[in-house]
Amino acid sequence: MWGFESLRPHQTLRAFAPNDFPEDRLPKGSRPPNSPTRGASHWSFKIDNDRPLAGASGKKIDALQVNETDEDGLKHEFQISIPAADLDAKADARLADLKDKVRLNGFRPGKVPPAHLKKLYGRSVMAETVEQTIRDTNNQIFNERGFRLATEPKVTMPTEEKAVEDILNGKADLTYTVAIEVVPAIALADFKTFSVEKPVADVTDADVDDAIKRIADQNRDYADKGEGAKAETGDRVTISFKGTIDGTPFDGGTGEGIQVLIGSNTFIPGFEDQLVGIGKDETRTLKVPFPKNYANAELAGKPAEFETTATLIESPKDKPIDDEFAKMLGLESLDKLKEAARERLTAEFAGATRQRVKRLLLDRLDETHRFDAPQSLVDEEFNLMWNSIKAEMESAGKTFADEDTTEDAAKEEYRKIADRRVRLGLVLSEIGEKNKITVTDDEVSRAVIERARQMPGREKEVWDFYRSNAQALAQLRAPIFEDKVVDFILELANVTEKKVSREDLYKDDDAEKSAA
């Protein structure tokens, strides 16, 4: 209707949501759709107030009427009227600029009559002028009032065909409304008054021995238990099976020479338990239902029978922990293996310490920065979390009753969490802005390289994905920014170390995450 396909989304202030609940969640870098969306009775446009179009003057808009029609907390709405003469003058200036650039048959460069040029391009140029003028006008209004936008402004334009035509033909003033929600002023606390206790655990010889023992258990050998032996939990059973549902075989329901470690819970629930006591060459019919959340929807929730024959029963053998074991793992000796295990544990303990300190610091920031967060951001954060939780519960076949709660109570709790995340994100953003904390391109590149290393053989695919996906790069940049802000605060705060055991270092970690 307006002659331009879209109005680019406003570059809003985005909260860097702390990675504190319920697991690492990278801040959203999403933006609204680029195309206008049809409302019930009008077109709603999301205006990019930062990106100037070619020919934009950048000057203050004159002859403009602005009336604030609504103010409700952080929400504001304005009705703006721009005279047709102002739009017409800007469109004529744009056409004059085009005269020296356009190439038309029958005319020398720069000699196209203005009237002919306006006949050919007047409508599209006026549409572009309207777009740019709205952008400039909005910027002026927001800047004069010191507004920082929480979300993109919503611009509502005239929709009646005659009104649109009159504006595009320069016969009528442009009157539109713009609705916004702003970020409140945030008074930052004095971080020098913060006291943070840093739990530190030393890696003991027992920790090292336990770590190596776990590695040995993962690499232990199995030996035939012999004739007459029966399978026990912890044994490895080699089986062949044929599965049916209501007497009918189904795709993927047969297997030959399949190794099952009883107690590993790698098969569907109930399958491994029914192998306890089976002997070599014995055949049993195992009756188990497929989980309700099974990946294959055709099988999910259905009862199945598996005619199963055990062809080999093996028991685990202790793996000697010696130099030969270390060499099997690619190390020179057992001492070198212990050194490597100690280094790994030291890094893990340091990571746990970092997370505990970070959580304590975020709690302190939460306590000292209480303000009304923009409701649109809270709603957006809540919806993301809630949709994720609902999907996880549906996948696991769980209900709110299984979690000893109700849906309404859970919603209330998650709204509190969403509010905390948004407020902390805004506080971290404010600290970063006021103290000129930035993330360099080199830091982002190193993060991309680290992600690529986590996917051997697909490094180029990972690199190309991030290089062509600005939103994905923003998701990498955000936690780097957050960590740099946390480090900045810790440099000012009074941090004291406290020696703790390994158990205390990891104690109640899951509970703390859930309460964050």
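For clarity, every value in this text was computed on a predicted model and none was experimentally measured.

Undergrad: I'd like to hear about the overall build of the protein, residue by residue, with values.
TA: Each helix and strand in the protein was counted, giving 13 helices and 13 strands. A total of 516 residues make up the protein; the buried ones form 39% of that total. Within the protein, contacts between residues separated by at least 24 positions form 75% of all contacts whose residues are at least 6 apart in sequence. When the accessible area of the protein is evaluated, it comes to approximately 28,800 Å², of which 47% is carbon and sulfur surface.

Undergrad: Mind laying out the packing of helix α9 (residues 441–453) against helix α10 (residues 459–467), listing which residues take part and the relevant values?
TA: Their axes nearest at 8 Å, the elements α9 and α10 cross at an angle of 145°. Pair α9 / α10 crosses with right-handed handedness. From α9, S445, V448, I449, R451 and A452 reach across to α10, where they touch E459, V462, W463 and Y466. Taken together, the residues of the contact of α9 with α10 sort by class into six nonpolar, one polar and two charged.

Undergrad: Hey, could you go over the packing of α9 against helix α11 (residues 470–492) for me, with residue numbers and the actual values?
TA: Taken N-terminus to C-terminus, the directions of α9 and α11 make an angle of 115°; their axes are 10 Å apart at the nearest point. Taken together, the axes of α9 and α11 lie roughly perpendicular to each other. Pair α9 / α11 crosses with right-handed handedness. Taking contact as the criterion, the partners of D441, E443, V444, A447, V448 and R451 in α9 are, on α11, L473, L476, R477, I480 and K484.

Undergrad: Go over helix α1 (residues 84–99) with me, naming the residues and quoting the values.
TA: Compared with an ideal rise of 1.5 Å per residue, which puts 16 residues at 22 Å, α1 spans 22 Å between its outermost C-alpha atoms and is within 8% of the ideal. Of the residues making up α1, those classed as buried are A84, D86, L87, A91, R94, L95 and L98.

Undergrad: Could you give me a rundown of the packing of aromatic side chains, with the residues and numbers involved?
TA: Tallied over the full model, the rule gives 15 aromatic pairs. Summarising the aromatic geometry, the rings of F271 and F306 are spaced 5.5 Å apart at their centres and angled 80° between planes, so their arrangement reads as edge-to-face. Linking F271 in the loop between β10 (248–261) and β11 (283–289) with F306 in strand β12 (residues 303–317), this pair joins segments that are 35 residues apart in sequence. With respect to class, F271 is no different from F306; both count as buried. Relative to W386, the ring of F382 has its centre 5.7 Å away and its plane inclined at 15°; by these criteria the two rings are stacked. Separated by four residues within a single helix, F382 and W386 lie in helix α7 (residues 375–396), roughly one turn from each other. The class of F382 is buried, set by a relative accessible area of 4%. Classification of W386 as buried rests on a relative accessible area of 7%. Across the ring face of F194, the terminal group of R364 is positioned such that the distance to the ring centre comes to 4.6 Å.

Undergrad: Give me a negative patch on the surface: which residues, what numbers.
TA: Together, E68, D70, E71 and D72 make up a region of like negative charge exposed at the surface. Mapped onto the elements of the fold, D72 is located in strand β3 (residues 65–72). With relative accessibility at 55%, the residue D72 sits in the exposed group.

Undergrad: Provide a residue-level description of the nonpolar core, including the pertinent values.
TA: Within the largest apolar cluster, 47 residues are counted, with the highest numbers of intra-cluster contacts made by L365 and I489. Contributions of two or more residues to this core are made by α6 (334–368), α7, α8 (407–434), α9, α10 and α11. With 10 residues, the top contributor of residues to this core is α8. Dropping the residues within four chain positions of it, L365 is found in contact with F191, F194, L424, V427, L428, I431 and I489. Core analysis: the next-biggest nonpolar cluster, separate from the first, contains 31 residues, F78, A127, I134 and V178 among them.

Undergrad: Pulling in residues and values, what's your account of the environment of E324?
TA: Looking at the element boundaries, E324 is found in helix α5 (residues 323–328). A C-alpha to C-alpha distance of 7.9 Å links E324 and L334, two positions 10 residues apart in sequence.

Undergrad: Summarise the confidence of the model for the protein; cite the residues concerned and give the values.
TA: On average, the protein scores 84 in pLDDT, and the residues at 70 or more come to 84%. Below a pLDDT of 50 lies the segment residues 3–59, which in the model reaches 170 contacts outside its immediate sequence neighbourhood of four places, other chains included. This stretch, residues 510–516, has a pLDDT under 50; its non-local contacts, to residues over four places away or in other chains, come to 14 contacts.

Undergrad: I'd love a proper account of the pairing of strand β6 (residues 174–181), names of residues and values included.
TA: Relative to β6, strand β4 (residues 75–82) runs antiparallel, the two sharing eight bridges. Each residue of the ladder has a partner; that of I80, found in β6, is Y176. Where strand β5 (residues 154–156) lies against β6, three bridges are found, and the strand directions are antiparallel. Bridge assignment links T156 to a residue of β6, and that residue is T177.

Cut-off values and rules
Residues numbered from 1 in each chain as written. Predicted model: local features only at pLDDT ≥ 70, side-chain atom pairs only at ≥ 80, totals over all residues. Heavy atoms only, no water. Helix = DSSP H or I, 4+ residues; strand = E, 2+ residues; numbered from the N terminus. Buried < 20%, exposed > 50% of the residue type's maximum accessible area, 1.4 Å probe, protein only. Contact = heavy atoms within 4.5 Å. Areas by Shrake-Rupley, 256 points an atom, 1.4 Å probe, with all protein chains shown as cover. Axes fitted to C-alpha atoms, helices over the stretch in contact; angles between N-to-C directions. Left-handed = near helix turned anticlockwise from the far one by under 90°. Nonpolar A, V, L, I, M, F, W, Y, C, P; charged D, E, K, R; others polar. Parallel < 35°, antiparallel > 145°, perpendicular 65-115°, else oblique. Expected span 1.5 Å × (residues − 1). Phe/Tyr/Trp six-rings, centres within 6.5 Å; stacked < 30°, edge-to-face > 60°. Lys NZ or Arg CZ within 6 Å of the ring centre and 35° of its normal. Patch = residues over 30% accessible without salt bridge, like charges linked within 9 Å, V, L, I, M, F, W, Y side chains within 5 Å. Salt bridge = Lys/Arg side-chain N within 4 Å of Asp/Glu carboxyl O. Lys, Arg positive; Asp, Glu negative; His and termini not counted. Charge placed at Lys NZ, Arg CZ, Asp CG, Glu CD. Core = buried A, V, L, I, M, F, W, Y, C linked by side-chain atoms within 4.5 Å. pLDDT = per-residue confidence, 0-100. Pairing = 2+ DSSP bridges.

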